[in-house]
Amino acid sequence: MIRGATISEALLATVDRGEGEYVFHLEDGIVRLSCAELAERARLGAKRLLALGVEPGDAVAVLGPNRPEWVVSAFSIWLAGAVLVPVQKRLRVRDPAAFREQLDSLLSVAGCRLALADPTLASLLPDGVGVSWDGAGETSAEEPVAPAPANAAVIQFTSGSTSTPRGALVTHAAAMAQAEILDELIVNGDGYRDSIGWVPFFHDLGLFLNVLPAAVWGLTSHHLPTERFARDPAEWLRLAARTRVAQTITPASGLGNALSALARRSERVDLGALEAVRFAAEGVDPNVLRQLSEAETRLNLRPEALGSSYGMAEVALAVTYSAPGSGLRRERISIDALATDGVAAPAGRGPSRLLVACGAPKMELRIHGPGGEGEGEGDLPERHVGEILLRGPSTMSHYVGPGAPDPFRDGWLRTGDLGYMADGQLYVTGRVKDMVIVMGDNYYPEDFEWAAGRVEGVRPGRCVAFTRPGTDEVVVLVEPVGDGDPGALAISVKNAGADAVGVPPSEVVVLAPGTVDKTTSGKLRRATMRERYLSGTLEAVPA
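Residues numbered from 1 in each chain as written. Predicted model: local features only at pLDDT ≥ 70, side-chain atom pairs only at ≥ 80, totals over all residues. Heavy atoms only, no water.

Novice: Looking at this structure, I do not really get the overall build of the protein. What am I missing?
Specialist: Across its full length, the protein carries 15 helices and 31 strands. Scaling as 2.2 N^0.38, a compact globule of 543 residues should have a C-alpha radius of gyration of about 24 Å, and the protein matches this with 23 Å. Projected onto the principal axes, the alpha-carbon positions of the protein cover approximately 70 × 55 × 50 Å. In the protein, which comprises 543 residues, the share counted as buried stands at 58%. The long-range fraction of contacts in the protein, counting pairs at least 24 apart against all pairs at least 6 apart in sequence, stands at 71%. Carbon and sulfur atoms make up 49% of the accessible area of the protein, which totals about 21600 Å². (Helix = DSSP H or I, 4+ residues; strand = E, 2+ residues; numbered from the N terminus. Rg over C-alpha atoms; globule rule 2.2 N^0.38 Å. Buried < 20%, exposed > 50% of the residue type's maximum accessible area, 1.4 Å probe, protein only. Contact = heavy atoms within 4.5 Å. Areas by Shrake-Rupley, 256 points an atom, 1.4 Å probe, with all protein chains shown as cover.)

Novice: How should the packing of helix α3 (residues 68-79) against helix α6 (residues 204-217) be read in this particular structure?
Specialist: Angle between the axes and distance between the axes: these two values describe a pair of packed helices. Close contact between α3 and α6 brings their axes to 11 Å; oriented N to C, the two are set at 75 degrees. Viewed along their axes, α3 and α6 adopt a mutual orientation that is roughly perpendicular. Contact with α3, carried on its side by W70, V71, F75 and W78, involves L207, V211, L212 and A215 of α6 and no other residues of that element. Grouping the amino acids of the contact of α3 with α6 by side-chain chemistry returns eight nonpolar, no polar and no charged. (Axes fitted to C-alpha atoms, helices over the stretch in contact; angles between N-to-C directions. Parallel < 35°, antiparallel > 145°, perpendicular 65-115°, else oblique. Nonpolar A, V, L, I, M, F, W, Y, C, P; charged D, E, K, R; others polar.)

Novice: Any chance you could explain the packing of aromatic side chains here in plain terms?
Specialist: Both the distance between ring centres and the angle between the ring planes are used here to describe each pair of aromatic rings. Considering all chains together, one arrives at 10 aromatic pairs under this definition. Plain terms: the ring middles of W198 and W236 are 6.4 Å apart, the flat faces sit at 70 degrees to each other, and that makes the pair edge-to-face. Here the residue W198 occupies a position in the loop between β11 (195-197) and α6, and W236 occupies one in helix α8 (residues 234-243), the gap between them amounting to 38 residues. For the residue pair W198 and W236, the accessibility class agrees, reading buried in each case. Summarising the aromatic geometry, the rings of F229 and W236 are spaced 6.0 Å apart at their centres and angled 70 degrees between planes, so their arrangement reads as edge-to-face. In this structure an aromatic cluster arises from ring pairing among Y22, F24, W70 and F201. (Phe/Tyr/Trp six-rings, centres within 6.5 Å; stacked < 30°, edge-to-face > 60°.)

Novice: Could you clarify how one ought to interpret the sheet that holds strand β12 (residues 220-223) in this entry?
Specialist: Backbone hydrogen bonds are what pair the strands of a sheet, in a parallel or an antiparallel way. One open sheet holds the seven strands; their spatial order is β2-β1-β12-β11-β13-β14-β15, and the pairing between them is mixed. The open sheet has two edge strands with one neighbour each: β2 (29-34) and β15 (306-307). Where strand β1 (residues 21-26) lies against β2, six bridges are found, and the strand directions are antiparallel. Directly across from H25, in β2, lies its bridge partner I30. (Pairing = 2+ DSSP bridges.)

Novice: I tried to follow the sheet that holds strand β31 (residues 507-510) on my own but got confused; where do I start?
Specialist: If you walk across this open sheet you meet the three strands as β29-β30-β31, and the pairing is mixed. Edge positions in the open sheet fall to β29 (458-467) and β31, since each of these has one partner strand only. Each strand axis lies, on average, 20 degrees off the axis of its neighbour in the sheet, ignoring direction. As paired elements, strand β30 (residues 474-480) and β31 share four bridges and run parallel to each other.

Novice: Before we go on, may I ask you to explain empty space enclosed by the protein in this structure?
Specialist: Unoccupied space between atoms shows up once a probe the size of one water molecule is rolled over them. Under the counting rule described, the total for this entry stands at three cavities of 30 Å³ or more. Space inside the largest cavity adds up to approximately 60 Å³. Of the residues belonging to the lining of the largest cavity, the class tally is four nonpolar, four polar and two charged. (1 Å grid on protein atoms, 1.4 Å probe; cavity = no way out; pocket = protein on both sides within 12 Å on 5 of 7 lines; lining within 4 Å. Points joined across faces, edges and corners; volume = space filled by probe spheres on them.)

Novice: Explanation requested: unusual backbone geometry in the structure shown.
Specialist: Excluding glycine, residues mostly carry a negative phi; peptide bonds, for their part, are mostly trans. With a phi close to 80 degrees, A316 is a non-glycine residue in the positive phi region. Locating A316 in the fold gives a position in the loop between β16 (309-311) and β17 (318-321). Phi is positive for D410, close to 50 degrees, though the residue is something other than glycine. When you line up the elements, D410 lands in the loop between β24 (408-409) and β25 (412-422).

Novice: Any chance you could explain the nonpolar core here in plain terms?
Specialist: Most often, soluble globular proteins have nonpolar side chains that are buried together. If you look at the biggest cluster of nonpolar residues, it comprises 112 residues, and the most contacted ones within it are Y22, F75 and W78. In this structure, A451, A465, A490 and V501 belong to the second largest nonpolar core, which totals 25 residues. (Core = buried A, V, L, I, M, F, W, Y, C linked by side-chain atoms within 4.5 Å.)

Novice: Where do I start with the side chain of E267 in this structure?
Specialist: With respect to the element layout, E267 can be found in the loop between α9 (252-265) and β14 (276-279). Of the residues examined, E267 reaches a relative accessible area of 19% and is grouped as buried.

Novice: Please clarify how α3 should be interpreted in this entry.
Specialist: Because an α-helix packs 3.6 residues into every turn, residues spaced three or four apart end up facing the same way. With 12 residues, α3 should reach 16 Å at 1.5 Å per residue; the first-to-last C-alpha distance of 16 Å fits that figure. Buried within α3 are the following residues: P68, E69, W70, V71, V72, S73, A74, F75, S76, I77, W78 and L79. Just downstream of α3, G81 is the residue with a positive phi angle, here 80 degrees. (Expected span 1.5 Å × (residues − 1).)

Novice: I tried to follow helix α5 (residues 172-186) on my own but got confused; where do I start?
Specialist: Its 15 residues give α5 an end-to-end C-alpha distance of 19 Å, which sits within 8% of 21 Å, the value for a rise of 1.5 Å per residue. Of all the bends in α5, the largest measures some 30 degrees and sits at E180. With 12 of 15 residues buried, α5 is to be regarded as a mostly interior element. (Bend = angle between axes of the 7 residues up to and from the residue.)

Novice: Just checking my understanding: could you explain the environment of A318 for this structure?
Specialist: Position of A318 relative to the elements: it lies in strand β17. The exposure class assigned to A318 is buried, which follows from its relative accessible area of 7%. Discounting residues that sit within four places of it in the chain, A318 has contacts with Q178, I181, L182, Y310, G311 and M363.

Structure follows, in C-alpha cells:
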C-alpha cells in the first residue's frame, strides 16, 4: 500500500512504521542505511541547502556513484522542496573537457544553480555550482517547506541525451502515480519483495526501482555500485544468491554480461530464492535467452520468475510489465510481413524474428498509424505495427529547456517507439528514427544486430546497424571475440544477415574491442556510433 501524496511524505510514513533499509555492498565493506537514519540525515541536508540559498522549486543536481550519499542527497533535495536532477556519471571519463561540456549543458537545460557531488567529481562541475555531498557546512535555522503533490519532483534526462539533452519534468503526484503502477511488482501478499540492483541511480530505472522502494514501501533493498558490476558482472548474481532477495531488475544485456562471466569460470549460483528477474530499459535480446537456456543447470532459476516490461522516463518509468510469476511470453514473426506490410504475422519458412512480450499496459495505450489526429483516429487493429501513444497520471508535465519539443498530440504522449498489441500484450519492434529502409521495405536494426551477434567470433550485444544517409545500404558494426581473421568475420556477418533477415548488409566493419558505445545501463548508442562512422573516427581492425 502506498502512503503519502509526495515522495517526502512516503519516506516519513515509512519511518513512522519503523520499516525500510538500504544495504550498500561497497568495495570496502557493507554499509547499512535505515530509513529513520535517512530521514534524519536528509532533514539536515535540506537545512544545509536552505543555508546555501536553495528555495522551493529550485533545481539541484546530484552527481556520483551508487552510494548512501546519493540517496541522502536526493531526499535532502525533496525535503527542501527542491527538484532533483540526476546527472549521468560515466564509468570512465576519457575526455574530462568533453564531460565538463556535457555536464554544463545538462545543468543549463535543467536550470540548476547547485549540484551535490561526490568529492572526487566536484571539480568537473562548472565553477560555483559543485558542492561536496559529504554533509559539511552551515545549516539554516529555518525549517524546510514540504513540497505539494503538484510541485516538480524530478527532471529526468531521457536516454541518449547528449548535445541536445531533453529533461522530462515529473511532479510528485506523477511519481506517486508511478509507485501505484509498480505496487504489484513490489508487494507480495502481506510483505514485500526485497530487491538487489546495480543499475545507476541517475537512470530512471535505477531511481524508481532502486532508490525509491525502501523509502516508499519500507522493504530492504541491496545495492551494488555500477563500477563493481562493470568489473565483475557475476558479482551481482552472487549477491542475489547470498542475500536471498526476491527480485532484481536489469537490462537484458546486463544479464548477458553476468552469464558470460559465470560461464568463463564454469561457476554455479543458486538463484532459487528469486521470485522475479525482470528485464527493463531495452528489448530482450534472443542471444541472452540462448545464454539463459545454456546456463539453466548452473543457476537454479525458475523460468516463471522471468519477466519483461516497457517504459520510459517521460512516464516516470513503467508502461507495461508481465504479471509476476507468469514467465516470458514470446512469439516468432515473419520479417517479410513486418517489412512489407507492417503486420506481425506468424513466421513461415522465410526470415523470422523472435519477440518477447512486454506485458499488459498499466496506463492508456494506443497503437497509432499514419493519418488522423483526433483521439481514436488512425488507431490500428491487433498485430498491426504503429507508433505507441500513451496517457496516464504518471506522465511528465513537459520537457524542460529552451526549444524543447512538444511530444504531445491531443493529450497523448508520442513515444517514438513502434509496436503492436496481441492478446492483451504489447510487443515493441523498435524506434521510428532507427528504421532501416531497404528497397522501400522497413526493417529494424535489432534484426541485423541479433543476426550478427549469433556469429561465432562476434561479441553479442556489441553490434550496431544503420543505413548510410540518402541510401538503402545497411552498415553493421561489430566487435570481435578473440584474434580471428576480420575479413572472414565480416563475410560471416554478411551471410548471417542475408540468412536471418533476407537482406545482406552492404558493409560490415570489425571494430577494436571496447569501441561500441553504450549507456551505463547497457543500451546501444546507435546515433552516436552512426555519427562516428560517418565522421571516420572509428578504429577498425585491419583485414
